[in-house]
Amino acid sequence: MASVDYEHVTKRWGDVVAVNDLTLHINDKEFMVYVGPSGCGKSTSLRLLAGLEEISEGIIKIEDKIVNDVPPKDRDIAMVFQSYALYPHMTVFDNMAFGLKLRKVPKQEIQKKVKEAADLLGISNLLDRKPKALSGGQRQRVALGRAIVRNPKVFLLDEPLSNLDAKLRVETRANLTRLHKRLEATFIYVTHDQVEAMTMADRIAVLRDGILQQVDAPQVLYNHPTNVFVAGFIGSPSMNFFDATLVEEPDAKKMHIDGGSFRLELPPDVAEQLRKYKGQQVIFGIRPEDIHSAEFVPPNIIAAPLQAEVDFYELMGNEIFIYALVGGKQFIARVDPRTKATPGQKIDLVVNMENMHLFDPTTEVALV
């Protein structure tokens, strides 16, 4: 298997910059996920690595070998597309064996490789069927099998689960993670779904407008986003943001986040770090799961009270999403299912200030 390196890679189409000065190292045997909204450059980055698009500037390396001018067929990569791209007139066996036949692999070896891949994916009983007789999940596994039989250095997967229903997506996510561990291969996976990214990746690369925003382990991105975009993109429901001011009370030596219609006291250690910003405008960020009903507050949190008005709510079974208003701004709280909420009523909430985030309103970069 192999590591992958993008070194100052840019892709332009006329005045449009799809990928902008991308520098990224992907480790051997790593499961890397590119995530971001539509048009952020994640699929283009994958296609540049596959050789399906020409690089405008920069260098791409596979296993320390520059591949800019290497034809796609000679890069020793395998790609699984969103559409699966199966040949409808061929059986599952022939679809999986097609690439090997083109490479003049001996027939006996083809039989062996296809059988091993089919056993691994649990599709041995489907080898005589044609794609039209398969479900979406089965077609997806055939497309994976076609990649596996080639034993490539790098697997590239471009939103392969987007055509599956919700339940099958969850099952297939788990299967892909197990498959990665069994193959001990380098996987690079593209998705716009941050839940897929969080559950599958060793590391996540977050892209926006062709620019890499942050790359790190899923939990690091969740706990320590580098800017407002990453903070809002990672996590579901997304982080709540409020325009606020950092204020200091000279007598008590305490600092608060003043949102106009609410004031929240900062933890002492955070207040000390932020004292140089006193009096300045900030963006205050807090995740829905860090806002609790005052009736059911978890133990050992740094709590600050917040009163709001219930706009509406969603019963989720194990939790309630309360859409509340404070100062005319709506936010989401993810609270205990025993919480009583009625639209229009006032509700007492508690914010876990230990997990709050602050950003510069001009640069949108994290202050803490």
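## What to know about the sheet that holds strand β3 (residues 31–35)
On the basis of which strands lie adjacent, the open sheet formed by 6 strands has the order β6-β7-β8-β3-β9-β10 and mixed pairing. Where the open sheet ends on each side, the last strands, each with one partner, are β6 (77–80) and β10 (211–216). Pairs of neighbouring strands in the sheet enclose a mean axial angle of 15°, with direction left out of account. Where strand β7 (residues 154–158) and strand β8 (residues 186–191) come together, 5 bridges link them in parallel fashion. By the bridge assignment, Asp-158 is partnered in β8 with Val-190.

## A few points about the side chain of Gln-140
Within the secondary structure, Gln-140 is located in helix α4 (residues 136–148). Beyond its immediate chain neighbours, meaning those up to four positions away, Gln-140 contacts Tyr-84, Pro-160, Leu-161, Thr-172 and Leu-176.

## As for the nonpolar core
Ranked by internal contacts, the top residues of the largest apolar core, which has 48 residues, are Met-96, Val-114, Leu-157, Leu-176, Tyr-189 and Val-206. With near-sequence residues (within four places) excluded, Val-114 lies in contact with Phe-93, Met-96, Ala-97, Leu-127 and Val-149. Counting 34 residues, the second largest nonpolar core, distinct from the first, contains Leu-264, Phe-284, Ala-324 and Ala-333.

## Side note on helix α5 (residues 166–183)
In a regular helix each residue adds 1.5 Å, so 18 residues correspond to 26 Å; α5 covers 26 Å between its end C-alpha atoms and thus fits that length. Within α5 the residues assigned to the buried category are Arg-169, Thr-172, Arg-173, Leu-176, Leu-179 and His-180. All buried residues of α5 project into a common sector of 135° when viewed along the axis, lining one side. Of the exposed residues in α5, the ones pointing more than 90 degrees away from its buried face are Lys-167, Arg-178, Lys-181 and Arg-182. Those residues of α5 hidden inside the fold are in contact with β3, α3 (107–121), α4, β7, β8 and α6 (194–200). Looking one or two places after α5, you find Glu-184, whose phi comes out positive at around 50°.

## Re the pattern of salt bridges
Taken as a whole, this structure holds 20 salt bridges when the rule is applied. Taking the shortest distance from any N to any O, the salt bridge between Arg-12 and Glu-57 comes out at 2.7 Å. Taken together, the residues Arg-12 in strand β1 (residues 4–13) and Glu-57 in strand β4 (residues 57–62) connect sequence positions 45 residues apart. Given the relative accessible area of 37%, Arg-12 is considered partly exposed. Across the salt bridge formed by Arg-169 and Asp-193, the nearest N and O atoms sit 3.4 Å from each other.

## What about the packing of aromatic side chains?
Applying the stated criterion to the full structure yields 12 aromatic pairs. Both rings, one in Phe-31 and one in Tyr-189, keep their centres 6.0 Å apart while their planes meet at 45°; by these two values the pair is tilted. With Phe-31 in strand β3 and Tyr-189 in strand β8, this residue pair connects regions lying 158 residues apart in the sequence. Just as Phe-31 is buried, Tyr-189 falls in that class too. Between Phe-229 and Phe-233, the ring centres sit 5.7 Å apart and the planes meet at 25°, which makes this aromatic pair stacked. With Phe-229 and Phe-233 both in helix α8 (residues 228–233), this residue pair falls 4 residues apart, about one helical turn. Looking at Phe-229, the relative accessible area reads 15%, which means it is buried.

## Brief notes about the packing of α3 against α4
As a packed pair, α3 and α4 sit with axes 9 Å apart at the nearest point and diverge in direction by 140°. In this view, α3 runs oblique relative to α4, as classed from their interaxial angle. The two elements α3 and α4 cross, and the hand of that crossing is right-handed. For the pair α3 and α4, contact is made by Ala-117, Leu-120 and Leu-121 and by Arg-141, Leu-144, Gly-145 and Ile-148, respectively. Its residues assigned to classes, the contact of α3 with α4 comprises 5 nonpolar, 1 polar and 1 charged.

## A look at the sheet that holds strand β12 (residues 254–258)
Strand pairing within a sheet occurs via backbone hydrogen bonds; the two strands may be parallel or antiparallel. Reading across from one edge, β13-β12-β11-β14-β20 is the order of the 5 strands in this open sheet, with antiparallel pairing throughout. Two strands in the sheet have a free side with no partner beyond their single neighbour: β13 (263–265) and β20 (357–359). On average, each strand axis in the sheet is tilted by 40° relative to the strand beside it, whichever way the strands run. One ladder, built from 3 bridges, connects β12 with β13; its direction is antiparallel. The residue bridging Asp-258 from the neighbouring strand is Arg-263, located in β13.

## Quick notes on the pairing of β6
Burial along β6 is two-sided: Ile-77 and Met-79 and Ala-78 and Val-80, pointing in opposite directions, are all buried. Judged from the 4 bridges that link them, β6 and β7 form a sheet pairing that is parallel. In the sheet register, Ala-78 faces β7, and the bridge partner there is Phe-155.

Calculation notes
Residues numbered from 1 in each chain as written. Predicted model: local features only at pLDDT ≥ 70, side-chain atom pairs only at ≥ 80, totals over all residues. Heavy atoms only, no water. Pairing = 2+ DSSP bridges. Helix = DSSP H or I, 4+ residues; strand = E, 2+ residues; numbered from the N terminus. Axes fitted to C-alpha atoms, helices over the stretch in contact; angles between N-to-C directions. Contact = heavy atoms within 4.5 Å. Core = buried A, V, L, I, M, F, W, Y, C linked by side-chain atoms within 4.5 Å. Buried < 20%, exposed > 50% of the residue type's maximum accessible area, 1.4 Å probe, protein only. Expected span 1.5 Å × (residues − 1). Arc of directions from axis to C-beta. Salt bridge = Lys/Arg side-chain N within 4 Å of Asp/Glu carboxyl O. Phe/Tyr/Trp six-rings, centres within 6.5 Å; stacked < 30°, edge-to-face > 60°. Parallel < 35°, antiparallel > 145°, perpendicular 65-115°, else oblique. Left-handed = near helix turned anticlockwise from the far one by under 90°. Nonpolar A, V, L, I, M, F, W, Y, C, P; charged D, E, K, R; others polar.

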